Each structure stands twice: as structure tokens, then as C-alpha cells.
Amino acid sequence: MYNGARIAAVVPAYKEEAMIATVIATMPSIVDHIVIVDDHSPDATSDVVRGVGDPRVSLVRHEVNQGVGGAIITGHRVAMELGADVNVIMAGDAQMDPDYLPPLLDAVTSGGYGFAKANRFFSPESFHGMPGHRVFGNIVLSFMTKLASGYWNLFDPQNGYTAVRTEILKRVPLDNVSKRYSFENDLLIHLNILQVPATDVPIPAVYGEEVSSIRLSKVVPELLSLLTRGFWRRIWYRYVLWSFSPIALLLFLGLTLFVVGLGVAIWVCFQVAASVVATAATVMLAALPLILGSQMLISALQLDIQASPSTPGLPPFEE
């Protein structure tokens with residue numbers, strides 16, 4: 001136990017026969033349950049897990065590969081059945097340093113947060129040694145996820161080193177969360193809809209000799225689609241259905257005015273190109289909706305940032 005909470009470590013594993021024993025052996029004693037989910041690995045991952053002999057381990061093997069998100073969802077469900085109060089995700093390739101588990105758990109057991117995640121990029125020096133295109137990609141993806149999820153206080157959304165209260169997980173429709181590499185992004189959107197207070201914890205990553213199996217040509221379109229749909233789903237539930245907010249009014253009206261103004265501006269440009277003199281009234285017909293629409297969108301963005309559920313408010317566990 002830790003701070004009065006029973007802790008379960010959920011470990012999604014796919015082709016991890018080389019490192020999974022290390023993950024189990026280095027799991028700290030504060031972890032009560034270790035749930036290993038073998039996502040239909042073609043190697044001996046499950047055999048290695050059985051050979052370790054740690055009594056805390058519960059092994060589940062998927063008959064069909066479901067992706068990292070699907071493995072995590074299975075692990076969460078098993079951990080909740082075991083009676084865990086907090087679930088933490090640990091990678092099967094030993095990339096997540098267990099020495100940093102206490103500060104991650106502190107945030108959800110005694111810090112008042114329902115969800116906490118590691119942030120590898122907590123200082124400018126964190127980007128040193130990373131290729132420029134990866135730095136750019138991480139920054140763009142982080143800001144896109146901020147916009148879609150509404151968690152403007154979080155960064156490094158693809159970091160899967162997370163801790164969450166099981167009382168929160170019971171409210172999340174796990175069947176509707178993405179089961180692939182976009183799991184972390186989609187989970188954030190669901191958590192924001194539920195207004196779960198979340199925070200970042202500075203934790204450096206441990207990089208080994210593992211090779212990523214992610215195909216960007218497949219993952220990037222999937223992420224863009226998920227973030228777009230997730231953004232509108234969040235706006236609908238938080239700012240329209242449950243409580244019609246000024247944010248929704250400013251967003252919808254601002255978008256309408258901006259699109260109208262942009263359309264008129266394009267029409268004016270074609271008229272000028274055809275040697276038709278644009279009058280002051282015609283220019284204003286384009287400029288005014290653009291200006292008003294932009295101002296409304298900026299106001300909606302400002303209010304959305306202020307509405308981010310970043311203030312801790314959950315009671316600590318009793319020791």
C-alpha cells in the first residue's frame with residue numbers, strides 16, 4: 001500500500017520477453033498487484049512472466065491483439081476486480097523508472113488529483129539529444145491535445161506513465177476509449193468531460209535499445225481524426241448538453257462569422273483580380289466578420305483555458 005491506497009501496476013506487454021522479467025523484478029514493494037497483459041505476443045512473454053514467480057503478478061493473455069490501449073483497458077479492469085484503489089501504467093520494456101513512482105502516486109493519493117501523468121519535457125534541457133523533427137512533432141501534438149482535451153496545464157500527452165484513481169476509472173466508458181496508440185489522448189478527453197482534476201509530474205524517460213513499431217503514416221491520420229472528433233464531443237457535453245456555456249456561444253458564433261468573413265474576403269480577392277475596384281463597404285463586409293469572429297474565438301479559447309480542471313479537490317486516502 002501507499003498513503004492508504006492499494007496500488008496496482010498495469011503492464012501492457014507485446015513481444016517483451018527480453019525485458020518483462022526486469023520490469024517485474026524492479027517493481028517496488030509499494031505495489032500490491034502487478035497485472036501483466038500479454039497482447040497476443042508471438043514470443044515467450046507469457047512464459048517468462050510465469051517463470052518469475054512473483055506472487056503479486058496476475059497474467060492475462062489476449063487471444064487477439066488489441067493494441068496497447070486495449071491491453072491497458074483489460075489491465076485496468078482486472079486491477080479494479082482485485083480491489084486496487086490506484087492504477088499506475090508501467091511499460092513492458094522497462095522505459096518507466098520505478099524510482100519515480102512515489103511522486104506520481106503522491107499526486108493522486110494525497111495531492112487531490114484524480115489523474116497524474118509523467119512529463120518528460122519539464123525543462124528546455126529535456127529536448128537535448130532529440131532529433132529536431134521529433135521535438136517539433138511532440139510540441140505540435142501536445143498543443144493539439146491541449147485543444148482537443150481541454151487540459152491546457154498538461155504536456156507530453158503520449159507519455160503513458162500515468163496514475164489514476166479507480167473511482168475515476170469506474171466513471172469512464174472504457175469500451176469507448178481508443179484501443180490503439182491514441183489511447184492516452186482519448187482518455188484525456190474522456191477525463192475532461194468528467195471534469196477530473198489532472199496534473200503533470202516531472203519524470204525523465206529511460207531510453208534503451210528498443211525499436212518503435214509505430215508507423216507514422218497510420219498513426220498520424222488516426223490521431224488527427226480522434227482529436228478532431230474528441231474536441232467536438234467535449235464541447236458538446238461540457239458546454240452545450242450539460243450546461244449551455246458562453247464558451248459554446250462564442251465558439252459557434254465566432255466560427256460562423258470567421259467563415260463568412262473569409263468567404264467574402266476570397267470573393268473580394270477574385271473581384272480585384274478581375275480588375276473590379278473594391279469599395280470601402282465591400283472591404284468592411286469582409287473585414288468586420290473576420291475581426292469579430294477572431295475576437296470571439298480568442299475569448300472562447302481564454303474561457304476554455306480557465307475552465308481546465310487543474311485544481312485538486314479529491315480527498316486523500318485514509319491510512
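Above this note sits the structure.
The paragraphs below set out a description of the structure included in this document. Keep in mind that this is a model prediction, so the values were computed, not measured. All residue numbers refer to positions counted from 1 along the written sequence of the respective chain. Thresholds applied to this predicted model are a pLDDT of at least 70 for local features of residues and 80 or more for the giving and counting of side-chain atom pairs; totals over whole chains, interfaces and linings are not thresholded and use all residues. To obtain the side-chain values, all non-hydrogen atoms of the structure were used and water was disregarded.

A separate point is unusual backbone geometry. If a residue is not glycine, its phi is most likely negative; likewise, a peptide bond is most likely trans. One non-glycine residue, His 40, lies in the positive phi region at around 55°. Summarising the element assignment, His 40 is placed in the loop between β2 (33-38) and α2 (45-52). Within the chain, Gln 195 stands out as a residue other than glycine whose phi angle is a positive 60°. Structurally, Gln 195 can be placed in the loop between α7 (183-193) and β7 (198-202). Going along the chain from the N terminus, every DSSP run of H or I of four or more residues is numbered as a helix, and every run of E of two or more is numbered as a strand.

Let us now look at α7. Exposure classes here rest on a 1.4 Å probe applied to the protein chains alone. A residue is buried below 20% of its type maximum, exposed above 50%, and partly exposed in between. Burial analysis of α7 places 11 of its 11 residues in the buried class, the great majority of the element. Buried residues of α7: Phe 183, Glu 184, Asn 185, Asp 186, Leu 187, Leu 188, Ile 189, His 190, Leu 191, Asn 192 and Ile 193, and no others. Backbone geometry just after α7 places Gln 195 at a positive phi near 60°.

Positionally, Leu 227 belongs in helix α8 (residues 216-241). Take Leu 227: its relative accessible area is 4%, and that puts it in the buried class. Along the primary structure Leu 227 and Ala 148 are separated by 79 residues, whereas in three dimensions their C-alpha atoms are 5.5 Å apart. Throughout, a contact is declared for two residues whenever any of their heavy atoms are within 4.5 Å. Among all residues touching Leu 227, those that are not within four sequence positions of it are Leu 141, Met 144, Thr 145, Ala 148, Asn 185 and Ile 189.

The subject of this paragraph is the packing of helix α9 (residues 246-273) against helix α10 (residues 280-306). Every axis corresponds to a line fitted to the C-alpha atoms, with the helix fit spanning only the stretch in contact, and the corresponding angles, defined between N-to-C directions, vary from 0 to 180 degrees. Orientation of α9 relative to α10, taken along the N-to-C sense of each, is 150°, at an axis distance of 7 Å. One finds that α9 runs roughly antiparallel with respect to α10. Between α9 and α10 the crossing geometry is left-handed. Throughout, the ten residues Ala, Val, Leu, Ile, Met, Phe, Trp, Tyr, Cys and Pro are labelled nonpolar, Asp, Glu, Lys and Arg are labelled charged, and all others, Gly among them, are labelled polar. Across the contact of α9 with α10, the residue classes break down as 22 nonpolar, 6 polar and 1 charged. Should an angle fall under 35 degrees it is taken as roughly parallel, and over 145 as roughly antiparallel, whereas 65 to 115 is taken as roughly perpendicular and any remaining angle as oblique. Crossing handedness: left-handed means the near helix sits turned counterclockwise from the far one by under a right angle, and right-handed means the same turn made clockwise.

Note on pairing: two strands pair once DSSP finds at least 2 bridges between them. Taken in spatial order, the 7 strands line up as β3-β2-β1-β4-β6-β5-β7 in an open sheet, and their pairing is mixed. Each edge of the sheet is formed by a strand with only one pairing partner; in this case those strands are β3 (57-61) and β7. Taken pair by pair, the neighbouring strands of this sheet meet at an average axis angle of 20°, ignoring direction. For β2 and β3, the ladder comprises 5 bridges, and the chain directions are parallel. Along β3, the bridge assignment pairs Ile 34 with Val 57. Across the sheet, α2 lies against β1 (7-13), β2 and β3, angled at about 165° from β3, the strand it touches most. Helix α3 (residues 67-81) rests against β1, β2, β3, β4 (86-89) and β6 (162-165) of the sheet, and its axis sits at about 150° to β1.

A few words on the side chain of His 62. Of note, His 62 is situated in the loop between β3 and α3. Every residue in contact with His 62, bar those within four places of it in the chain, is listed here: Val 37, Asp 38, Asp 39, His 40, Gly 70, Ala 71 and Thr 74.

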